[in-house]
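# Observations on chain architecture
Residue-level listing of the chains:
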Amino acid sequence: MKIDGFLETVHKRYWKVALWVNAAITLVVLLVFNLFYLTAFVDALLLSVAFSLIFSAVYTAILRNVSTRGNEVSIRSFMTYAVIRLLTALALIGGYVMMKEGTAREMMPALIIFCAYFILLDAVDAYFMVKMQKAMGECQ
């Protein structure tokens, strides 16, 4: 496959994979909620799903931008995205913990849910970034 065709379709593939990963995590978490009657953490699940989908859409836009501009923009864009995503995640989970006003033991399931979404989204992002950088490197 030519590099142009690959770069044009990589953001579409990423979006499909990100949606499937989000759906899989959500179904597993809902199953665990159902098994252990954890209805108190549905708001944490909604926060995690929203965060994951919003940043998947942002990453898709970055992939589309990089595919049109070139390799120099890609490193800066991905690093900026990672820093903004990390700071936003810290602010969101910090705000959630402050609003819930629970003990550390009571907040642990919510933190685990949010961290699972964050880590799996990070793994998908890293996979696609490596795949794209490798394709761009082979072209030069």
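For the structure itself, look to the data block above.
Report on the accompanying structure.

Rules of the game
- Numbers given for residues are sequential positions, taken from 1 along each chain in its written order.
- Totals for whole chains, interfaces and linings use all residues, but because this is a predicted model, local features are given only for residues with pLDDT of at least 70 and pairs of side-chain atoms are given and counted only at 80 or more.
- With hydrogens and water excluded, all non-hydrogen atoms of the structure serve as input to the side-chain values.
- Only DSSP runs of H or I with at least four residues qualify as helices, and only runs of E with at least two residues qualify as strands; both kinds are numbered from the N terminus onward.
- To sort residues, take the accessible area from a 1.4 Å probe on protein chains only and compare it with the maximum for the residue type: under 20% means buried, over 50% means exposed, and anything in between is partly exposed.
- By definition in these notes, contact holds between two residues if any of their heavy atoms fall within 4.5 Å.
- Throughout, the Shrake-Rupley method with a 1.4 Å probe supplies accessible areas, and for residues the shown protein chains are the sole cover considered.
- The charged-residue count follows a simple rule in which Lys and Arg add positive charge and Asp and Glu add negative charge, with His and chain termini not counted at all.
- In plain terms, the charge of a residue is placed at NZ if it is Lys, CZ if Arg, CG if Asp and CD if Glu.
- Within 3.5 Å is the distance limit for a polar contact, defined as a pair of N or O atoms, with the added protein rule that one can donate a hydrogen and the other accept it, and that residues adjacent in sequence qualify only through two side-chain atoms.
- Put simply, buried Ala, Val, Leu, Ile, Met, Phe, Trp, Tyr and Cys residues joined by side-chain atoms within 4.5 Å make one nonpolar core.
- Ring geometry is summarised as follows: Phe, Tyr and Trp rings, the Trp one being its six-membered ring, pair when their centres sit within 6.5 Å, and such pairs are stacked at plane angles under 30 degrees, edge-to-face over 60 and tilted between the two.
- Counting as a charge over the ring demands two things of the Lys NZ or Arg CZ atom: a distance within 6 Å of the ring centre and an angle within 35 degrees of the ring normal.

## With respect to the overall build of the protein
Check the secondary structure of the protein and you find four helices and zero strands. Its helices and strands in sequence order give the protein the pattern α-α-α-α, from N to C terminus. A principal-axis box enclosing the C-alpha atoms of the protein has dimensions of 55 × 25 × 15 Å. For the protein, with 140 residues in total, the buried portion stands at 35%. When contacts within the protein are restricted to residue pairs at least 6 apart in sequence, long-range pairs at least 24 apart make up 79% of them. Accessible surface, the protein as shown: approximately 8,700 Å² in total, 72% of it carbon and sulfur. When the 12 positive and 9 negative side-chain charges of the protein are each reduced to one mean point, those points stand 7 Å apart.

## Digging into the side chain of Arg85
Checked against the element boundaries, Arg85 lands in helix H3 (residues 71-100). Of note is the side chain of Arg85, whose polar atom sits 2.7 Å from the side chain of Asp122.

## With respect to the nonpolar core
In terms of nonpolar packing, the biggest core is built from 34 residues, with Tyr14, Leu45, Tyr59, Phe78, Tyr96, Ile113 and Met132 touching the most fellow members. Within the residue set of this core, elements represented by two or more residues are helix H1 (3-36), helix H2 (42-69), H3 and helix H4 (104-139). In terms of residue count, the dominant contributor to this core is H4 (12 residues).

## Quick notes on the environment of Glu106
Tracing the backbone through its elements, the reader meets Glu106 in helix H4. For the pair Glu106 and Trp20, spaced 86 residues apart in the sequence, the C-alpha separation amounts to 29 Å. Separated by 3.0 Å, the side chain of Glu106 and the backbone nitrogen of Thr103 make a polar contact.

## Observations regarding the packing of aromatic side chains
Using the criterion set out here, one finds nine aromatic pairs in the structure. Each ring, one from Phe51 and one from Phe118, has its centre 6.2 Å from the other, and the planes form 25°; the classification is stacked. Linking Phe51 in helix H2 with Phe118 in helix H4, this pair joins segments that are 67 residues apart in sequence. A residue is classified by how much of its surface remains accessible, and Phe51, at 4% relative accessible area, is buried. Looking at Phe118, the relative accessible area reads 16%, which means it is buried. Aromatic side chains Tyr59 and Phe78 sit 5.5 Å apart centroid to centroid with 40° between the ring planes, which places their arrangement in the tilted category. Within this pair, whereas Tyr59 is found in helix H2, its partner Phe78 is found in helix H3, the two being separated by 19 residues in sequence. Neither Tyr59 nor Phe78 differs from the other in exposure class; each is buried. When the ring centre of Phe118 is taken as reference, the NZ or CZ atom of Arg85 above it lies at 4.7 Å.

## Here we look at unusual backbone geometry
Despite not being glycine, Glu101 shows a phi value in the positive range, around 50°. Relative to the helices and strands, Glu101 is located in the loop between H3 and H4.

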